[in-house]
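# Examining the three-dimensional arrangement
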Amino acid sequence: GTMFSSLMFALAVADTALLIYTVRAWRRLRQPVLGLLAFLVLALPYDTALVGAGSFIGASPGLALASGPRFMLFHLSVPLIMIVAAALARLAAFRFAQPRWFVGATCVAATAFAVADWQHMLVWPTLYPACWADTLRYVPSVLAAQACTPGQPGIGLPGAFPLAAAVALPALLVLGVAIGVRTRWWWLLIGMLAGLVLLGLPPGRVGPIPGFVGDAINLLAMVAAAVRFAPRAAA
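Attention in this report is confined to the structure presented alongside it. Because the structure is predicted, anything quoted here is derived from the model rather than measured.

## Digging into the overall build of the protein
- Looking only at helices and strands, one finds nine helices and two strands in the protein.
- The linear arrangement of helices and strands in the protein, starting from the amino end, is α-α-α-α-α-β-β-α-α-α-α.
- Radius of gyration (C-alpha) of the protein: 18 Å, near the 18 Å computed for a compact globule of 235 residues.
- In terms of principal-axis extent, the alpha carbons of the protein reach across some 60 × 35 × 30 Å.
- Classification of the 235 residues of the protein by burial places 46% in the buried group.
- When contacts within the protein are restricted to residue pairs at least 6 apart in sequence, those whose partners lie at least 24 apart make up 66%.
- Accessible surface computed for the protein: about 11,700 Å², of which carbon and sulfur atoms make up 72%.
- Taking the average location of the 14 positive side-chain charges in the protein and that of its 5 negative ones, the two points are 20 Å from each other.

Below, the structure is given as structure tokens:
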């Protein structure tokens, strides 16, 4: 069957709808953070459509090559989420985020994290096939439960996680709590928690799809927060 590949295509359609919404909100509200979010959302339809198409394309150098940008963009996107968090704090009118240097300092910190991780952004990654149910994708490290053939290369390699994630994700959770307490708007916190729970499920058991859904929910929560607080900041 092609059930899970079809699910990935459905998710790619939802991700595309989120991209269109984000771009339209950016054009309407003229908030730079929505432009940055549009760039981050752009990776989602590409990611999910490629995983959906994997089993139809088949294990090949072409699929491996097409999968490279997924991981390079991921390592670039995490430092950018630090800037999103700072911009959202500013839009939500938190006093600490108002000085002009605050977002600037966050940009400097994000750049430092990006420079520390430059190899993952600029060096094309070595990828290996991973199979789960009817899906096939190329990844830097293959879980034993998702090996396409027993003993294939790439099984159990240490996964590289961007250092910036240790700052960006807790910052968004704290911001979600702060916004909820002050304005009773809990959607940033709910979206971030839901996304992180899905990302935290063991992929060896549940497969890769919940992680892709988690990514989309996290970005949806950030876009919703930017839209919710942008008009006030402009007023």
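## Concerning the side chain of Arg137
- Among the secondary structure elements, Arg137 is positioned in strand E2 (residues 135-139).
- Comment: no salt bridge for buried Arg137; closest opposite-charge side chain is Asp47, at 9.1 Å.
- Filtering out sequence-adjacent residues up to four positions away, Arg137 remains in contact with Val51, Arg70, Tyr128, Pro129, Ala130, Gln146 and Pro208.

## Things to note about the pattern of salt bridges
- If you walk through the whole model with that rule in mind, you get one salt bridge.
- As a salt-bridge pair, Asp47 and Arg70 come within 3.0 Å of each other at their nearest N and O atoms. Linking Asp47 in helix H2 (residues 32-57) with Arg70 in helix H3 (residues 61-91), this pair joins segments that are 23 residues apart in sequence.
- Here Asp47 falls in the buried class, since its relative accessible area comes to 12%.
- Among the residues examined, Arg70 registers a relative accessible area of 9% and is labelled buried.

## Some thoughts on the environment of Leu37
- Examined against the element boundaries, Leu37 turns out to sit in helix H2.
- Given a relative accessible area of 0%, Leu37 falls into the buried group.
- C-alpha separation for the pair Leu37 and Ile81, spaced 44 residues apart in sequence, amounts to 8.4 Å.
- Apart from the residues lying within four places of it in its own chain, the contact partners of Leu37 are Thr22, Val84, Leu219, Met222, Val223 and Ala226.

## Quick notes on the nonpolar core
- Grouped together as the largest cluster of nonpolar side chains are 47 residues, with contacts concentrated most on Leu34, Leu37, Leu88, Ile179, Leu188 and Met222.
- Breaking this core down by element, the ones donating at least two residues are helix H1 (3-29), H2, H3, helix H4 (100-116), helix H6 (165-183), helix H7 (187-200) and helix H9 (209-234).
- Counting residues per element, this core draws most heavily on H3, which supplies 12 residues.
- Each residue touching Ile179, except ones within four places of it in the same chain, is listed here: Ala92, Phe94, Arg184, Trp185, Leu188 and Phe229.
- Leu50, Ala64, Tyr128 and Tyr138 belong to the second-largest nonpolar core, a separate cluster that totals 11 residues.

## Considering unusual backbone geometry
- Located in the positive-phi region is Arg30, a residue other than glycine, with phi close to 55°.
- Mapping Arg30 onto the fold places it in the loop between H1 and H2.
- Given the relative accessible area of 61%, Arg30 is considered exposed.
- Phi at Ala93 is positive, roughly 65°, even though this residue is not glycine.
- Mapping Ala93 onto the fold places it in the loop between H3 and H4.

## Some thoughts on a nonpolar patch on the surface
- The grouping of Val177, Val181, Trp186, Trp187 and Ile190 at the surface amounts to a nonpolar patch, some 490 Å² of accessible area in total.
- Secondary-structure elements contributing two or more residues to the nonpolar patch are H6 and H7.
- Looking at the secondary structure, you find Ile190 in helix H7.
- The class for Ile190 is partly exposed, based on a relative accessible area of 42%.

## Remarks on a positive patch on the surface
- On the surface, Arg24, Arg27, Arg28 and Arg30 cluster together to form a positively charged patch.
- Along the chain, Arg28 falls in helix H1.
- For Arg28, a relative accessible area of 55% gives the class exposed.

Conventions we followed
Residues numbered from 1 in each chain as written. Predicted model: local features only at pLDDT ≥ 70, side-chain atom pairs only at ≥ 80, totals over all residues. Heavy atoms only, no water. Helix = DSSP H or I, 4+ residues; strand = E, 2+ residues; numbered from the N terminus. Rg over C-alpha atoms; globule rule 2.2 N^0.38 Å. Buried < 20%, exposed > 50% of the residue type's maximum accessible area, 1.4 Å probe, protein only. Contact = heavy atoms within 4.5 Å. Areas by Shrake-Rupley, 256 points an atom, 1.4 Å probe, with all protein chains shown as cover. Lys, Arg positive; Asp, Glu negative; His and termini not counted. Charge placed at Lys NZ, Arg CZ, Asp CG, Glu CD. Salt bridge = Lys/Arg side-chain N within 4 Å of Asp/Glu carboxyl O. Core = buried A, V, L, I, M, F, W, Y, C linked by side-chain atoms within 4.5 Å. Patch = residues over 30% accessible without salt bridge, like charges linked within 9 Å, V, L, I, M, F, W, Y side chains within 5 Å.

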